[in-house]
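As a plain string of letters, each chain reads:
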Amino acid sequence: MATKTITDSSFQTDVLNSDKPVLVDFWADWCGPCKMIAPALEEISDELSDKVTIAKMDIMENPDIPGQIGVQSIPLMVLFKDGKPVAQKLGAAPKSQLKQWLESEL
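Residues numbered from 1 in each chain as written. Predicted model: local features only at pLDDT ≥ 70, side-chain atom pairs only at ≥ 80, totals over all residues. Heavy atoms only, no water.

Caption draft 1: Molecular detail of the overall build of the protein chain. Per the secondary structure count, the protein chain includes four helices and five strands. In terms of overall dimensions, the protein chain is globule-like: its C-alpha atoms have a radius of gyration of 12 Å, near the 13 Å expected for 106 residues. Burial statistics for the protein chain: of 106 residues in total, 44% are counted as buried. Contacts in the protein chain between residues at least 24 apart in sequence constitute 73% of all its contacts with a sequence separation of at least 6. Carbon and sulfur atoms make up 49% of the accessible area of the protein chain, which totals about 5,600 Å². In the protein chain, 10 positive and 16 negative side-chain charges are present, and the distance between their average locations comes to 6 Å. (Helix = DSSP H or I, 4+ residues; strand = E, 2+ residues; numbered from the N terminus. Rg over C-alpha atoms; globule rule 2.2 N^0.38 Å. Buried < 20%, exposed > 50% of the residue type's maximum accessible area, 1.4 Å probe, protein only. Contact = heavy atoms within 4.5 Å. Areas by Shrake-Rupley, 256 points an atom, 1.4 Å probe, with all protein chains shown as cover. Lys, Arg positive; Asp, Glu negative; His and termini not counted. Charge placed at Lys NZ, Arg CZ, Asp CG, Glu CD.)

Given below as structure tokens:
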């Protein structure tokens, strides 16, 4: 399952009301490190599709939710469980580190 694109308007349904954990990757088109981790997140999305949904939110096209959450630097990955943020990771990292961090938080 590929990563899911979410927007300010779909955030409530896709993230807060989700019946399984959702990792939201806050990113922007101009962000080099964001582009660097995108393929790793796609692979992790496939590998852990039964445990977690991996979603991406472009902060330039969707300023409301990142503003409410307090996103100041990107890439920022926030893991939501039962509609609440439970963990976050700032910055790019190799796929193995991203997957290890995510699995430890699930």
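Past the structure itself, the notes keep going.
Caption draft 2: Region of interest: helix α2 (residues 32-47). In this model, α2 (16 residues) spans 24 Å end to end at C-alpha, consistent with the 22 Å of a helix rising 1.5 Å per residue. Along its length, α2 reaches its greatest deviation from straightness, about 35°, at Ala-38, and the proline Pro-39 lies no more than four positions downstream. Here α2 has its buried residues at Cys-34, Ile-37, Ala-40, Leu-41, Ile-44 and Ser-45. In the core, the buried residues of α2 are packed alongside β2 (22-27), β3 (53-58), β4 (76-81) and α4 (95-105). (Expected span 1.5 Å × (residues − 1). Bend = angle between axes of the 7 residues up to and from the residue.)

Caption draft 3: A look at the environment of Ile-44. With respect to the helices and strands, the residue Ile-44 is situated in helix α2. Taking the C-alpha atoms as reference points, Ile-44 and Met-77, 33 residues apart in sequence, are found 13 Å from one another.

Caption draft 4: The arrangement of the pairing of β3 in detail. Summarising burial for β3: six of the six residues are buried, a large majority. On β3, burial covers both faces: Thr-53, Ala-55 and Met-57 on one face and Ile-54, Lys-56 and Asp-58 on the other are all buried. The sheet contact formed by strand β1 (residues 4-5) and β3 spans two bridges and is parallel. Within β3, the position partnered with Lys-4 by the bridge is Ala-55. Bridging between β2 and β3 involves six bridges; their strand directions are parallel. Bridging from a neighbouring strand, Leu-23 pairs with Ile-54 of β3. Traced from β2 through α2 to β3, the parallel crossover comes out right-handed. (Pairing = 2+ DSSP bridges. Right-handed = clockwise from strand over helix to strand, strands pointing away.)

Caption draft 5: Just the side chain of Asp-25, in detail. Along the polypeptide, Asp-25 turns up in strand β2. Asp-25 gets classed as buried once you look at its relative accessible area, which sits at 0%. A polar contact is formed between the side chain of Asp-25 and the side chain of Lys-56, at a distance of 2.8 Å. Residues contacting Asp-25, with those up to four places away along its chain left out, are Ile-37, Leu-41, Ala-55, Lys-56, Met-57, Pro-75, Leu-76 and Met-77. (Polar contact = N/O pair within 3.5 Å; in protein donor to acceptor, adjacent residues only side chain to side chain.)

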